[in-house]
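The lines below spell out each chain.
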Amino acid sequence: MNHLAFQSYLDSLRVQPQQKVSLKKDFLTDYDHKSMSKEEGEQLLAEGIQNLSLMQDKLYAHNRHSILIVLQAMDAAGKDGAIKHVMSGLNPQGVKVTSFKTPSKEELDHDYIWRHYKALPGRGEIGIFNRSHYENVLVTRVHPEYILSENLPGIDKPEDITPAFWEKRFKQINRFEKNLAQNGTLILKFFLHVSKKEQKKRFLERIDDPSKNWKFSSADVEERQFWNQYMEAYEDMLSATSKEFAPWFVLPADDKWFTRLCLAAIISREFDKLDPTYPIVSDAEKAQLQMMREKLMQESNGD
(Lines give C-alpha, C1' and ligand atoms only; values in the text may rest on other atoms or scores of the structure.)
Protein backbone atom coordinates (compact mmCIF):
# COMPACT_ATOMS: atom_id res chain seq x y z
CA MET A 1 0.00 0.00 0.00
CA ASN A 2 1.64 3.27 -1.08
CA HIS A 3 1.45 6.49 0.92
CA LEU A 4 -1.44 8.01 -1.03
CA ALA A 5 -3.43 4.78 -0.91
CA PHE A 6 -2.89 4.51 2.84
CA GLN A 7 -4.00 8.12 3.39
CA SER A 8 -7.11 7.42 1.31
CA TYR A 9 -7.78 4.32 3.40
CA LEU A 10 -7.49 6.37 6.60
CA ASP A 11 -10.06 8.79 5.19
CA SER A 12 -12.48 5.87 4.79
CA LEU A 13 -12.29 5.17 8.53
CA ARG A 14 -13.78 8.54 9.42
CA VAL A 15 -17.49 8.68 10.22
CA GLN A 16 -18.99 11.57 8.28
CA PRO A 17 -21.40 13.97 10.01
CA GLN A 18 -25.00 12.80 9.65
CA GLN A 19 -23.82 9.42 8.31
CA LYS A 20 -26.17 6.59 9.19
CA VAL A 21 -23.68 3.99 10.39
CA SER A 22 -23.94 0.25 9.87
CA LEU A 23 -20.90 -1.35 11.46
CA LYS A 24 -21.46 -4.59 9.57
CA LYS A 25 -21.70 -2.90 6.15
CA ASP A 26 -19.56 0.23 6.47
CA PHE A 27 -16.55 -0.84 8.52
CA LEU A 28 -14.45 -4.01 8.65
CA THR A 29 -12.96 -5.49 11.82
CA ASP A 30 -9.90 -6.46 9.75
CA TYR A 31 -8.45 -5.17 6.51
CA ASP A 32 -7.04 -7.96 4.38
CA HIS A 33 -5.56 -5.77 1.66
CA LYS A 34 -2.85 -4.10 3.72
CA SER A 35 -0.22 -4.59 0.99
CA MET A 36 2.48 -4.26 3.60
CA SER A 37 4.20 -6.65 5.97
CA LYS A 38 3.99 -6.39 9.73
CA GLU A 39 7.65 -5.32 9.73
CA GLU A 40 6.91 -2.50 7.27
CA GLY A 41 3.93 -1.48 9.36
CA GLU A 42 6.03 -1.37 12.50
CA GLN A 43 8.56 0.86 10.73
CA LEU A 44 5.77 3.24 9.71
CA LEU A 45 4.46 3.15 13.28
CA ALA A 46 7.91 4.09 14.61
CA GLU A 47 8.01 7.06 12.23
CA GLY A 48 4.54 8.11 13.33
CA ILE A 49 5.53 7.91 17.00
CA GLN A 50 8.61 10.03 16.29
CA ASN A 51 6.43 12.67 14.63
CA LEU A 52 4.04 12.64 17.60
CA SER A 53 6.98 13.33 19.91
CA LEU A 54 8.02 16.36 17.84
CA MET A 55 4.45 17.62 17.65
CA GLN A 56 4.00 17.26 21.41
CA ASP A 57 7.05 19.45 21.99
CA LYS A 58 5.64 22.15 19.69
CA LEU A 59 2.18 21.79 21.24
CA TYR A 60 3.61 22.49 24.71
CA ALA A 61 5.72 25.44 23.55
CA HIS A 62 2.88 26.94 21.48
CA ASN A 63 0.50 26.71 24.47
CA ARG A 64 -2.64 27.46 22.46
CA HIS A 65 -4.21 24.05 21.98
CA SER A 66 -4.82 20.84 23.88
CA ILE A 67 -5.50 17.38 22.50
CA LEU A 68 -8.22 15.02 23.72
CA ILE A 69 -8.07 11.44 22.44
CA VAL A 70 -11.12 9.29 23.20
CA LEU A 71 -10.91 5.49 22.95
CA GLN A 72 -14.01 3.32 23.06
CA ALA A 73 -14.31 -0.40 22.34
CA MET A 74 -15.73 -3.70 23.40
CA ASP A 75 -13.65 -5.63 25.94
CA ALA A 76 -10.34 -7.08 24.68
CA ALA A 77 -10.29 -4.83 21.61
CA GLY A 78 -6.78 -3.60 22.50
CA LYS A 79 -7.25 -0.11 23.98
CA ASP A 80 -4.58 -0.52 26.67
CA GLY A 81 -2.04 -1.94 24.23
CA ALA A 82 -2.73 0.84 21.73
CA ILE A 83 -2.12 3.48 24.38
CA LYS A 84 1.09 1.77 25.50
CA HIS A 85 2.56 1.42 22.00
CA VAL A 86 1.35 4.54 20.21
CA MET A 87 2.04 6.93 23.09
CA SER A 88 5.42 5.40 23.97
CA GLY A 89 7.37 8.28 22.40
CA LEU A 90 5.53 11.03 24.27
CA ASN A 91 6.79 12.88 27.32
CA PRO A 92 4.70 11.49 30.21
CA GLN A 93 4.74 14.90 31.92
CA GLY A 94 2.52 16.24 29.15
CA VAL A 95 0.15 13.28 28.85
CA LYS A 96 -2.65 12.27 31.18
CA VAL A 97 -4.43 8.95 30.70
CA THR A 98 -7.74 8.57 32.53
CA SER A 99 -9.64 5.28 32.71
CA PHE A 100 -13.24 5.79 33.73
CA LYS A 101 -14.75 3.02 35.83
CA THR A 102 -18.19 2.68 37.43
CA PRO A 103 -19.19 6.14 38.78
CA SER A 104 -18.68 6.75 42.49
CA LYS A 105 -21.41 8.09 44.76
CA GLU A 106 -19.89 11.56 44.56
CA GLU A 107 -19.83 11.39 40.76
CA LEU A 108 -23.43 10.21 40.61
CA ASP A 109 -24.44 13.26 42.64
CA HIS A 110 -23.35 15.43 39.69
CA ASP A 111 -24.28 15.39 36.02
CA TYR A 112 -22.66 12.56 34.09
CA ILE A 113 -20.13 14.82 32.34
CA TRP A 114 -18.81 16.37 35.57
CA ARG A 115 -16.10 13.78 36.22
CA HIS A 116 -14.87 14.11 32.64
CA TYR A 117 -14.51 17.88 32.91
CA LYS A 118 -12.09 17.35 35.79
CA ALA A 119 -9.85 15.12 33.66
CA LEU A 120 -9.58 17.38 30.60
CA PRO A 121 -6.09 18.34 29.38
CA GLY A 122 -4.85 21.91 29.80
CA ARG A 123 -3.30 23.96 27.01
CA GLY A 124 -0.19 22.31 25.66
CA GLU A 125 -1.23 18.94 27.08
CA ILE A 126 -2.58 15.66 25.70
CA GLY A 127 -5.41 13.85 27.46
CA ILE A 128 -6.45 10.28 26.72
CA PHE A 129 -9.81 8.96 27.85
CA ASN A 130 -9.71 5.15 28.09
CA ARG A 131 -13.48 4.81 27.97
CA SER A 132 -15.22 8.12 28.39
CA HIS A 133 -18.43 10.10 28.68
CA TYR A 134 -19.71 7.82 25.90
CA GLU A 135 -20.20 5.02 28.41
CA ASN A 136 -23.30 7.01 29.35
CA VAL A 137 -24.90 6.26 25.98
CA LEU A 138 -23.46 2.76 25.54
CA VAL A 139 -23.46 0.67 28.72
CA THR A 140 -26.48 2.58 30.03
CA ARG A 141 -28.21 2.10 26.67
CA VAL A 142 -27.83 -1.67 26.95
CA HIS A 143 -28.58 -1.60 30.70
CA PRO A 144 -30.99 1.33 31.15
CA GLU A 145 -31.54 0.38 34.78
CA TYR A 146 -28.12 1.92 35.48
CA ILE A 147 -29.59 5.35 34.69
CA LEU A 148 -31.72 5.10 37.83
CA SER A 149 -28.54 5.55 39.92
CA GLU A 150 -28.23 9.08 38.53
CA ASN A 151 -31.43 10.14 40.36
CA LEU A 152 -32.63 12.20 37.42
CA PRO A 153 -35.93 14.07 37.76
CA GLY A 154 -38.77 12.29 36.00
CA ILE A 155 -36.82 9.01 35.64
CA ASP A 156 -38.18 6.56 38.20
CA LYS A 157 -38.07 3.29 36.25
CA PRO A 158 -36.38 1.99 33.07
CA GLU A 159 -39.61 2.45 31.14
CA ASP A 160 -39.27 6.21 31.63
CA ILE A 161 -36.14 6.18 29.44
CA THR A 162 -37.51 6.79 25.96
CA PRO A 163 -35.69 7.25 22.59
CA ALA A 164 -36.05 10.99 23.17
CA PHE A 165 -33.91 10.63 26.31
CA TRP A 166 -30.99 9.29 24.25
CA GLU A 167 -31.40 11.94 21.57
CA LYS A 168 -31.23 14.60 24.26
CA ARG A 169 -28.10 13.01 25.72
CA PHE A 170 -26.41 12.91 22.30
CA LYS A 171 -27.10 16.64 21.94
CA GLN A 172 -25.64 17.30 25.40
CA ILE A 173 -22.43 15.49 24.44
CA ASN A 174 -22.22 17.39 21.15
CA ARG A 175 -22.57 20.72 22.99
CA PHE A 176 -19.91 19.66 25.50
CA GLU A 177 -17.44 18.77 22.76
CA LYS A 178 -18.22 21.80 20.60
CA ASN A 179 -17.46 24.06 23.55
CA LEU A 180 -14.11 22.33 24.04
CA ALA A 181 -13.26 22.58 20.34
CA GLN A 182 -14.13 26.28 20.18
CA ASN A 183 -11.77 26.88 23.09
CA GLY A 184 -8.77 25.21 21.50
CA THR A 185 -9.11 21.46 22.13
CA LEU A 186 -8.52 19.09 19.22
CA ILE A 187 -10.86 16.15 19.81
CA LEU A 188 -10.15 12.79 18.14
CA LYS A 189 -12.40 9.83 18.90
CA PHE A 190 -11.64 6.22 18.04
CA PHE A 191 -13.81 3.13 18.15
CA LEU A 192 -11.66 -0.02 18.03
CA HIS A 193 -13.89 -2.32 16.02
CA VAL A 194 -13.18 -5.91 17.06
CA SER A 195 -15.16 -8.94 15.88
CA LYS A 196 -17.00 -11.21 18.28
CA LYS A 197 -14.87 -14.11 17.02
CA GLU A 198 -11.60 -12.28 17.77
CA GLN A 199 -12.86 -11.21 21.19
CA LYS A 200 -13.54 -14.87 22.02
CA LYS A 201 -10.01 -15.79 20.94
CA ARG A 202 -8.48 -13.12 23.18
CA PHE A 203 -10.64 -14.10 26.15
CA LEU A 204 -9.42 -17.70 25.78
CA GLU A 205 -5.82 -16.46 25.65
CA ARG A 206 -6.38 -14.62 28.91
CA ILE A 207 -7.72 -17.78 30.52
CA ASP A 208 -5.02 -20.11 29.15
CA ASP A 209 -2.02 -17.82 29.74
CA PRO A 210 -1.24 -17.45 33.48
CA SER A 211 0.46 -14.11 32.83
CA LYS A 212 -2.82 -12.78 31.41
CA ASN A 213 -5.22 -14.24 33.97
CA TRP A 214 -5.39 -10.92 35.79
CA LYS A 215 -6.90 -9.30 32.69
CA PHE A 216 -9.83 -11.69 32.63
CA SER A 217 -13.20 -10.91 34.16
CA SER A 218 -16.18 -13.25 34.08
CA ALA A 219 -18.37 -10.17 33.69
CA ASP A 220 -16.79 -9.57 30.28
CA VAL A 221 -18.02 -12.95 29.07
CA GLU A 222 -21.48 -12.28 30.49
CA GLU A 223 -21.67 -9.07 28.44
CA ARG A 224 -21.16 -11.05 25.21
CA GLN A 225 -24.81 -12.06 25.33
CA PHE A 226 -25.63 -8.39 24.69
CA TRP A 227 -23.29 -8.11 21.68
CA ASN A 228 -25.99 -7.15 19.17
CA GLN A 229 -27.45 -4.55 21.51
CA TYR A 230 -24.00 -3.02 21.97
CA MET A 231 -23.44 -2.86 18.22
CA GLU A 232 -26.76 -1.06 17.80
CA ALA A 233 -25.84 1.36 20.59
CA TYR A 234 -22.48 2.05 18.96
CA GLU A 235 -24.09 2.63 15.57
CA ASP A 236 -26.54 5.18 16.98
CA MET A 237 -23.79 6.88 18.98
CA LEU A 238 -21.41 7.11 16.00
CA SER A 239 -24.18 8.44 13.74
CA ALA A 240 -25.27 11.11 16.22
CA THR A 241 -21.94 12.37 17.57
CA SER A 242 -19.38 12.33 14.75
CA LYS A 243 -18.94 16.02 13.92
CA GLU A 244 -16.40 18.12 12.04
CA PHE A 245 -15.21 19.52 15.37
CA ALA A 246 -15.09 16.07 17.02
CA PRO A 247 -14.91 13.22 14.48
CA TRP A 248 -15.15 9.50 15.11
CA PHE A 249 -12.79 7.04 13.42
CA VAL A 250 -13.68 3.34 13.29
CA LEU A 251 -10.44 1.32 13.34
CA PRO A 252 -10.25 -2.38 12.40
CA ALA A 253 -9.14 -4.05 15.65
CA ASP A 254 -8.72 -7.75 14.82
CA ASP A 255 -5.05 -7.24 13.90
CA LYS A 256 -3.36 -5.28 16.68
CA TRP A 257 -0.32 -3.99 14.82
CA PHE A 258 -2.49 -2.58 12.04
CA THR A 259 -4.85 -0.97 14.55
CA ARG A 260 -1.92 0.79 16.21
CA LEU A 261 -0.55 1.92 12.86
CA CYS A 262 -3.88 3.46 11.85
CA LEU A 263 -4.28 5.12 15.25
CA ALA A 264 -0.81 6.68 15.18
CA ALA A 265 -1.16 7.78 11.54
CA ILE A 266 -4.50 9.51 12.11
CA ILE A 267 -3.38 11.26 15.30
CA SER A 268 -0.15 12.39 13.63
CA ARG A 269 -2.02 13.69 10.58
CA GLU A 270 -4.60 15.59 12.64
CA PHE A 271 -1.83 17.00 14.87
CA ASP A 272 -0.14 18.40 11.77
CA LYS A 273 -3.28 20.35 10.87
CA LEU A 274 -2.92 22.39 14.08
CA ASP A 275 0.47 23.55 12.81
CA PRO A 276 1.80 24.57 16.24
CA THR A 277 5.02 26.59 16.19
CA TYR A 278 7.72 27.46 18.64
CA PRO A 279 7.36 30.98 20.13
CA ILE A 280 9.07 33.72 18.12
CA VAL A 281 11.98 35.31 19.95
CA SER A 282 12.27 39.08 19.60
CA ASP A 283 15.45 40.82 18.47
CA ALA A 284 15.99 42.09 22.00
CA GLU A 285 15.64 38.58 23.39
CA LYS A 286 18.02 37.23 20.75
CA ALA A 287 20.60 39.86 21.73
CA GLN A 288 20.17 38.85 25.37
CA LEU A 289 20.72 35.20 24.41
CA GLN A 290 23.95 36.08 22.63
CA MET A 291 25.16 37.99 25.68
CA MET A 292 24.45 34.98 27.87
CA ARG A 293 26.25 32.73 25.38
CA GLU A 294 29.35 34.92 25.45
CA LYS A 295 29.27 34.97 29.24
CA LEU A 296 29.10 31.18 29.36
CA MET A 297 31.91 30.81 26.84
CA GLN A 298 34.15 33.07 28.94
CA GLU A 299 33.84 30.79 31.96
CA SER A 300 36.78 28.51 32.60
CA ASN A 301 36.13 24.78 32.56
CA GLY A 302 36.92 24.61 36.26
CA ASP A 303 34.13 27.01 37.27
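This text goes with the structure placed above it.
This write-up is about the structure you can find in this document. Computed from a predicted model, the values in this text were never measured in an experiment.

Comments concerning helix H3 (residues 38-62)
Owing to its 3.6 residues per turn, the α-helix aligns residues three or four sequence positions apart on the same side. For H3, with 25 residues, the first-to-last C-alpha span of 35 Å sits near the 36 Å given by 1.5 Å per residue. Among the residues of H3, those classed as buried are Gly-41, Leu-45, Gly-48, Ile-49, Leu-52, Met-55, Gln-56 and Leu-59. Residues of H3 that are buried make contact with strand S1 (66-73), helix H4 (79-86), strand S2 (95-99), strand S3 (126-130) and helix H12 (256-274). Asn-63, located one to two residues past H3, shows a positive phi value of around 55 degrees.

Quick word on the layout of surface pockets
With a probe scaled to a water molecule rolled over the atoms, the places where space remains empty come into view. Taken as a whole, the largest pocket holds about 1400 Å³ of empty space. Considering the residues around the largest pocket, the lining is formed by 44 residues, among which Asp-75, Lys-79, Lys-101, Arg-131 and Asp-220 are closest to the centre. At the level of secondary structure, the elements contributing two or more residues to the lining of the largest pocket comprise H4, helix H7 (139-142), helix H9 (196-208), helix H10 (218-223), helix H11 (227-241) and H12. In terms of residue class, the lining of the largest pocket is made up of 14 nonpolar, 11 polar and 19 charged.

A few points about the sheet that holds S3
What the five strands build is an open sheet, ordered S2-S3-S1-S4-S5; its pairing is parallel. The open sheet has two free edges, formed respectively by S2 and strand S5 (248-252), since each of these has just one partner strand. Between one strand axis and the next, the sheet turns by 20 degrees as a mean value, whatever way the strands run.

Some details on empty space enclosed by the protein
Across all of its chains, the model carries two cavities of 30 Å³ or more by this definition. The space that makes up the largest cavity amounts to roughly 80 Å³. What lines the largest cavity is Pro-103, Glu-107, Leu-108, His-110, Asp-111, Tyr-112, Arg-115, Asn-136 and Glu-150. Residue composition of the lining of the largest cavity, by class: three nonpolar, two polar and four charged. Estimated volume of the second largest cavity: approximately 40 Å³. Looking at the second largest cavity, the residues that line it are Ala-77, Gly-78, Ala-82, Leu-192, Ala-253, Lys-256, Thr-259 and Arg-260. At three residues, the largest contribution of residues to the lining of the second largest cavity is made by H12. Residues belonging to the lining of the second largest cavity are distributed by class as follows: four nonpolar, two polar and two charged.

The rules behind these values
Residues numbered from 1 in each chain as written. Predicted model: local features only at pLDDT ≥ 70, side-chain atom pairs only at ≥ 80, totals over all residues. Heavy atoms only, no water. Helix = DSSP H or I, 4+ residues; strand = E, 2+ residues; numbered from the N terminus. Expected span 1.5 Å × (residues − 1). Buried < 20%, exposed > 50% of the residue type's maximum accessible area, 1.4 Å probe, protein only. Contact = heavy atoms within 4.5 Å. 1 Å grid on protein atoms, 1.4 Å probe; cavity = no way out; pocket = protein on both sides within 12 Å on 5 of 7 lines; lining within 4 Å. Points joined across faces, edges and corners; volume = space filled by probe spheres on them. Nonpolar A, V, L, I, M, F, W, Y, C, P; charged D, E, K, R; others polar. Pairing = 2+ DSSP bridges. Axes fitted to C-alpha atoms, helices over the stretch in contact; angles between N-to-C directions.

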